[in-house]
Amino acid sequence: MTGQAADTIERRSGVSLWRQIADRILQAIAIGDLAENAALPPEVALAERYGVNRHTVRSAISALVQEGVLRAEQGRGTFVLSRKRLSYPIGARTRFSAGLQGQTSERHIVLLAFSVEPASQRVAEGLGLARGAEVIRLETRGEADGRPVSRAAAWFEAKRFAGIDKAMAQTGSITASLARFGIDDYLRQSTVLSARHADAADLADLDLQPGAIVLVTVAVNVTPDGQPIQFSESRFPAERVELKLSAL
């Protein structure tokens, strides 16, 4: 576990000290500082690092054991629980179903909601539109073998893609929906990755426990000749999914 930011404990944040320490451990696992089956530092070392007593550290570890993140072995220590995660490839052609093929037996995307709204600055820039131009927003959840593995918002130019919400509801696929508008192929132009704690909506939609980490991608997809067609922000539960980057 490395990095100065991870050592910061806010004593007046309103969040209990043990929960903050548990969250730092979760983040270390999510970003790979603590690999599967890796041993946690001793309680005394963690207590010194975070400036708390051993009882507070013990409470954090106990909570993560109960959440199925860590396992405690008598006389040996505490270890990161080995859990098989899905590997989701992000490359020139990023597709939900194809990306998880061979890892799951069933995959689909559920349309949760849609709306027509004025494009924000970042959406407008991503789609090459004027700020305030009408866009269609699709709220979706990706599921694999009955488990939620992604939560996304995607925006499309309203004039060009009028009715894409109906296509999405019928097909359960962004790729199949775009095909109905004559787009048989599209490419990933850019992807920006980050990680954060799951918010209330993520906890509910992805069936996560408080303190869980989500991996966030902000992406732009374009036609083969470079026309932007989709701007999206997707969240993946770090405990179930790892993102595998390849050259765009």
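Since this is a predicted model, take the numbers as computed values, not measurements. (Residues numbered from 1 in each chain as written. Predicted model: local features only at pLDDT ≥ 70, side-chain atom pairs only at ≥ 80, totals over all residues. Heavy atoms only, no water.)

Caption draft 1: How the structure looks around the pattern of salt bridges. Scanning the model with the defined rule gives 18 salt bridges in all. A salt bridge links Asp 23 to Arg 19, with the shortest nitrogen-to-oxygen separation between them at 3.1 Å. Of the two residues, Asp 23 and Arg 19 both sit in helix H1 (residues 17-30), four residues apart, roughly one turn of that helix. The burial state of Asp 23 is the same as that of Arg 19; both residues are buried. Note that Arg 71 and Glu 73 form a salt bridge whose closest N and O atoms lie 2.8 Å from each other. What emerges from the salt-bridge pattern is a single network uniting Glu 117, Arg 137, Glu 139, Arg 151 and Asp 205. (Salt bridge = Lys/Arg side-chain N within 4 Å of Asp/Glu carboxyl O. Helix = DSSP H or I, 4+ residues; strand = E, 2+ residues; numbered from the N terminus. Buried < 20%, exposed > 50% of the residue type's maximum accessible area, 1.4 Å probe, protein only.)

Caption draft 2: View of the packing of aromatic side chains. According to the stated counting rule, one finds five aromatic pairs in the structure shown. Note on Tyr 88 and Phe 96: the rings are 6.4 Å apart at their centroids and 45° apart in plane angle, and the pair reads as tilted. Here Tyr 88 and Phe 96 have matching classes, each one buried. When the ring of Phe 161 is compared with that of Phe 181, the centres are 5.4 Å apart and the planes differ by 65°; the resulting orientation is edge-to-face. With Phe 161 in the loop between strand E6 (147-157) and helix H6 (164-171) and Phe 181 in the loop between helix H7 (174-179) and strand E7 (187-197), this pair connects stretches of sequence that are 20 residues apart. (Phe/Tyr/Trp six-rings, centres within 6.5 Å; stacked < 30°, edge-to-face > 60°.)

Caption draft 3: Here's a closer look at the packing of H1 against helix H3 (residues 54-66). Between H1 and H3, the shortest axis-to-axis distance is 8 Å and the interhelical angle comes to 55°. The pairing of H1 with H3 is recorded here as oblique in orientation. Between H1 and H3 lies a crossing of right-handed hand. Seen from H1, the contacting residues are Leu 17, Trp 18, Arg 19, Ile 21, Ala 22, Ile 25 and Leu 26; seen from H3, they are Thr 56, Val 57, Ser 59, Ala 60, Ala 63 and Leu 64. Partitioned by chemical class, the residues of the contact of H1 with H3 number 10 nonpolar, two polar and one charged. (Axes fitted to C-alpha atoms, helices over the stretch in contact; angles between N-to-C directions. Parallel < 35°, antiparallel > 145°, perpendicular 65-115°, else oblique. Left-handed = near helix turned anticlockwise from the far one by under 90°. Contact = heavy atoms within 4.5 Å. Nonpolar A, V, L, I, M, F, W, Y, C, P; charged D, E, K, R; others polar.)

Caption draft 4: Up close: the packing of helix H2 (residues 43-50) against H3. Direction vectors running N to C along H2 and H3 enclose 110°, while the axes themselves pass 8 Å from each other. Here H3 runs roughly perpendicular to H2, going by the angle between their axes. On H3, the residues touching Glu 43, Val 44, Leu 46 and Ala 47 of H2 are Arg 54, Val 57, Arg 58 and Ile 61. For the contact of H2 with H3, a count of residues per class yields five nonpolar, no polar and three charged.

Caption draft 5: Expanded view of the pairing of strand E9 (residues 228-237). In terms of burial, E9 is largely enclosed, as nine of its 10 residues are buried. Across five bridges, E6 lies against E9 in antiparallel orientation. Counted as the bridge partner of Arg 151 is Arg 235 from E9. Bridge analysis of strand E8 (residues 213-222) against E9 gives nine bridges, and the strand direction is antiparallel. Directly across from Val 216, in E9, lies its bridge partner Arg 235. A loop of five residues connects E8 with E9, the two strands running antiparallel in sequence, and Gly 226 in this loop sits at a positive phi of about 95°. (Pairing = 2+ DSSP bridges.)

Caption draft 6: The arrangement of the confidence of the model for the chain in detail. In the predicted model, the chain carries a mean pLDDT of 90, and 95% of its residues have values of at least 70. Looking at the elements of the chain, mean pLDDT is at its lowest for H1, recorded as 87, and at its highest for helix H5 (residues 121-127), recorded as 98. (pLDDT = per-residue confidence, 0-100.)

Caption draft 7: Main features of H6. Within the span of H6, buried status applies to Ile 164, Asp 165, Ala 167 and Met 168. Within H6, the buried residues cover an arc of 160° as seen down the axis, which keeps them to one side. Residues of H6 that are exposed and angled more than 90 degrees away from the buried face: Lys 166, Ala 169 and Gln 170. A positive backbone phi angle near 65° is found at Gly 172, which sits one or two residues after H6. (Arc of directions from axis to C-beta.)

Caption draft 8: Fine view of the sheet that holds E6. A sheet is described by the order of its strands in space; here six strands give the open sequence E4-E5-E6-E9-E8-E7, paired in antiparallel fashion. Only two strands of the sheet have a single neighbouring strand rather than two, namely strand E4 (107-118) and E7. Within this sheet the neighbouring strands show an average axis-to-axis angle of 15°, counted without direction.

Caption draft 9: Inspection of the nonpolar core at higher detail. Membership of the largest hydrophobic core comes to 47 residues, with the highest contact counts inside it found for Ile 21, Leu 40, Leu 70, Phe 156 and Leu 178. It is H1 that provides the largest number of residues to this core, a total of seven residues. When neighbours within four sequence positions are excluded, Phe 156 is seen to be in contact with Leu 127, Val 135, Ile 136, Leu 138, Phe 161, Ile 164, Ile 174, Leu 178, Ile 229 and Gln 230. One finds Val 123, Val 135, Ala 153 and Phe 231 within the second-largest nonpolar core, a separate group that totals 10 residues. (Core = buried A, V, L, I, M, F, W, Y, C linked by side-chain atoms within 4.5 Å.)

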